[in-house]
Every structure is written in C-alpha cells, then in structure tokens.
Amino acid sequence: MASRSPPWERGRGTWYRGRTMCRSIKTLRRDEDTATDEEIRAAALQFVRKVSGYRTPSRRNAPAFDAAVDEVSSASRRLLDALNAVHDAGSP
C-alpha cells in the first residue's frame, strides 16, 4: 500500500507553521473595519467542525459542540479587539 504525501506536498491548503489551515476559514483581522459577530461565529463553527470531525454533531454531542463554538467565538472577539487596540495605539 502506497503512503500518501502530506497535503502541503500535494499543493493543498495554506502553509502555516508546518501545518495546513482549513481554507474555508477566512482572515477576520482587517485594517478597514472590524469583523462582525456573524463572521466570527461562522469562523468558530468551521474551526470546531474541523477539530471535532463533525459537520453536524449528534444530539448527545450537540451541547459540547455548541459550547465550543461559543467559547471559540468569545476568544476570537477578545483577540481581535486586543489586536485592534494595539493597532489603534500605533504599535505594529
């Protein structure tokens, strides 16, 4: 059985610190405006789907899945707000 080469050797995904990132998650930090809550939640949902391996969790796993989306959304908002505050203060 032939082994498959890693995705970065097959030309897929975005290269980031030796790993590939999911292409459907878009960058939310922009100079011209801040990300909306809907954009942040959509990115969080994609991230949790990728990590969990579920597109739609079972009823039994739905509470944990939804809690993870909420936590990732909150953490992402805090990160973006902090990065914008640093950018607004004139720091690189």
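This report concerns the structure included in the present document.

Describing the overall build of the chain
Inference 1: Secondary structure assignment for the chain yields two helices and two strands.
Inference 2: Along the chain, helices (α) and strands (β) appear in the sequence β-β-α-α when read from the amino end.
Inference 3: Expressed as a percentage of the 92 residues in the chain, the buried residues total 16%.
Inference 4: Sequence separation of at least 24 residues holds for 39% of the intrachain contacts in the chain that already meet a minimum separation of 6.

Here we look at the nonpolar core
Nonpolar side chains in soluble globular proteins generally cluster together in the buried interior.
Inference 1: Judged by nonpolar contacts, Leu28, Ala35, Ile40, Ala43 and Leu80 together constitute the single largest core of five residues.
Inference 2: Leucine 80 has contacts with Leu28, Arg29, Ala35 and Ile40, leaving out every residue within four places of it along the chain.

A look at the pattern of salt bridges
Inference 1: Per the counting criterion, the structure on display carries three salt bridges.
Inference 2: Taking the shortest distance from any N to any O, the salt bridge between aspartate 37 and arginine 77 comes out at 3.0 Å. One end of the pair, aspartate 37, is in helix α1 (residues 37-52); the other, arginine 77, is in helix α2 (residues 62-88), with 40 residues separating them in the sequence.
Inference 3: For the salt bridge of aspartate 70 with arginine 41, the shortest nitrogen-to-oxygen distance reads 2.7 Å. With aspartate 70 in helix α2 and arginine 41 in helix α1, this pair connects stretches of sequence that are 29 residues apart.

Cut-offs applied
- Residues numbered from 1 in each chain as written.
- Predicted model: local features only at pLDDT ≥ 70, side-chain atom pairs only at ≥ 80, totals over all residues.
- Heavy atoms only, no water.
- Helix = DSSP H or I, 4+ residues; strand = E, 2+ residues; numbered from the N terminus.
- Buried < 20%, exposed > 50% of the residue type's maximum accessible area, 1.4 Å probe, protein only.
- Contact = heavy atoms within 4.5 Å.
- Core = buried A, V, L, I, M, F, W, Y, C linked by side-chain atoms within 4.5 Å.
- Salt bridge = Lys/Arg side-chain N within 4 Å of Asp/Glu carboxyl O.

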